[in-house]
Amino acid sequence: MPAGGVLPDESLEQAVLREVAEETGLTDVTVVGPIAVDHKPREDNGQPRHTTFFHLTAAPDSADAWNHRVHGDGTDAGMEFACRFVPLPLAEKLADTQDAWLDRIEA
């Protein structure tokens, strides 16, 4: 699940598209819309945090699975991720309850 912050003068939609491109390499994606906003405090310092979860679609000819080396200047820069699409509902839970809102996506 790609994740990250919003840069100054960047909309939420621009941020999600940038983060998806940086962390997965996918650039032919479309924002369907937000599915939820979570207000859990940051784990490292307890400060308020608002996380917006988005529903996106990828191009029909996107690969089912691929490897991608992260670009950008974040802490994950240079890491290589094994990416894949999986059908909903998920067979297994995601780490850190990142799947909490997936039931709001209509197939």
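Up top is the structure.
Here the residue numbering is sequential within each chain, running from 1 through the sequence in written order. Where totals are concerned, whole chains, interfaces and linings use all residues; where local detail is concerned, this predicted model gives features only for residues with pLDDT of at least 70, and gives and counts side-chain atom pairs only at 80 or more. Side-chain metrics rest on all non-hydrogen atoms present in the structure, leaving aside hydrogens and water.

1. Here's the deal with the overall build of the protein
Rules: Helix and strand assignments follow DSSP, with helices taken as H or I runs no shorter than four residues and strands as E runs no shorter than two, numbered in order from the N terminus. For the radius of gyration, the atom set is restricted to C-alpha positions; the globular benchmark scales as 2.2 Å times the number of residues to the power 0.38. We call two residues in contact whenever any of their non-hydrogen atoms come within 4.5 Å of each other. Each accessible area value is a Shrake-Rupley result obtained with a 1.4 Å probe; residue values ignore everything except the protein chains displayed when judging cover. Counting rule applied: Lys, Arg positive; Asp, Glu negative; His and chain ends not counted. A charged residue contributes its charge at one atom only: NZ of Lys, CZ of Arg, CG of Asp or CD of Glu.
Looking only at helices and strands, the protein has one helix and four strands in total. Start at the N end of the protein and walk to the C end: the helices and strands fall as α-β-β-β-β. For 107 residues, the compact-globule formula gives about 13 Å, and the C-alpha radius of gyration of the protein, at 14 Å, lands near that figure. When its C-alpha atoms are laid out on the principal axes, the protein stretches across 40 × 30 × 25 Å. If you take every contact in the protein between residues at least 6 apart in sequence, the share linking residues at least 24 apart comes to 38%. Here the protein has roughly 7900 Å² of accessible surface; of this, 53% comes from carbon and sulfur atoms. Looking at charge distribution, the protein has the averaged site of its 8 positive side-chain charges lying 6 Å from that of its 20 negative ones.

2. With respect to the nonpolar core
Rules: Residues belong to one nonpolar core when they are buried, are Ala, Val, Leu, Ile, Met, Phe, Trp, Tyr or Cys, and are joined through side-chain atoms within 4.5 Å. In this scheme, a residue with accessible area under 20% of its type's maximum is buried, one over 50% is exposed, and one in between is partly exposed, where area comes from a 1.4 Å probe on protein chains only.
In terms of nonpolar packing, the biggest core is built from seven residues, these being Val-16, Val-20, Leu-26, Val-29, Phe-54, Trp-66 and Cys-83. When sequence neighbours within four positions are dropped, the list of residues in contact with Trp-66 reads Thr-24, Leu-26, Phe-81, Ala-82, Cys-83, Arg-84 and Phe-85.

3. Some details on the side chain of His-68
Its place among the elements puts His-68 in strand β3 (residues 65-69). The exposure class of His-68 is buried, given its relative accessible area of 14%. Once residues lying within four places of it in the same chain are set aside, the contact partners of His-68 are Ala-21, Glu-22, Glu-23, Thr-24, Gly-25, Met-79, Glu-80, Phe-81 and Cys-83.

4. Remarks on the layout of surface pockets
What counts is decided by this rule: A pocket, in this scheme, is an open set of points on a 1 Å grid over the protein atoms alone with protein on both sides within 12 Å along at least 5 of 7 lines, while a cavity is a set where a 1.4 Å probe fits but cannot get out; residues line either one if an atom lies within 4 Å of a point. Grid points are joined across faces, edges and corners, and a volume is the space filled by probe spheres set on the points. In the scheme used here, Gly and all other residues not listed as nonpolar or charged are polar, with Ala, Val, Leu, Ile, Met, Phe, Trp, Tyr, Cys and Pro taken as nonpolar and Asp, Glu, Lys and Arg as charged.
Here the second largest pocket is characterised by a volume of approximately 240 Å³. Considering the residues around the second largest pocket, the lining is formed by 13 residues, among which Arg-18, Glu-19, Glu-22, Gly-74 and Asp-76 are closest to the centre. When the residues that make up the lining of the second largest pocket are grouped by side-chain class, the tally is two nonpolar, five polar and six charged.

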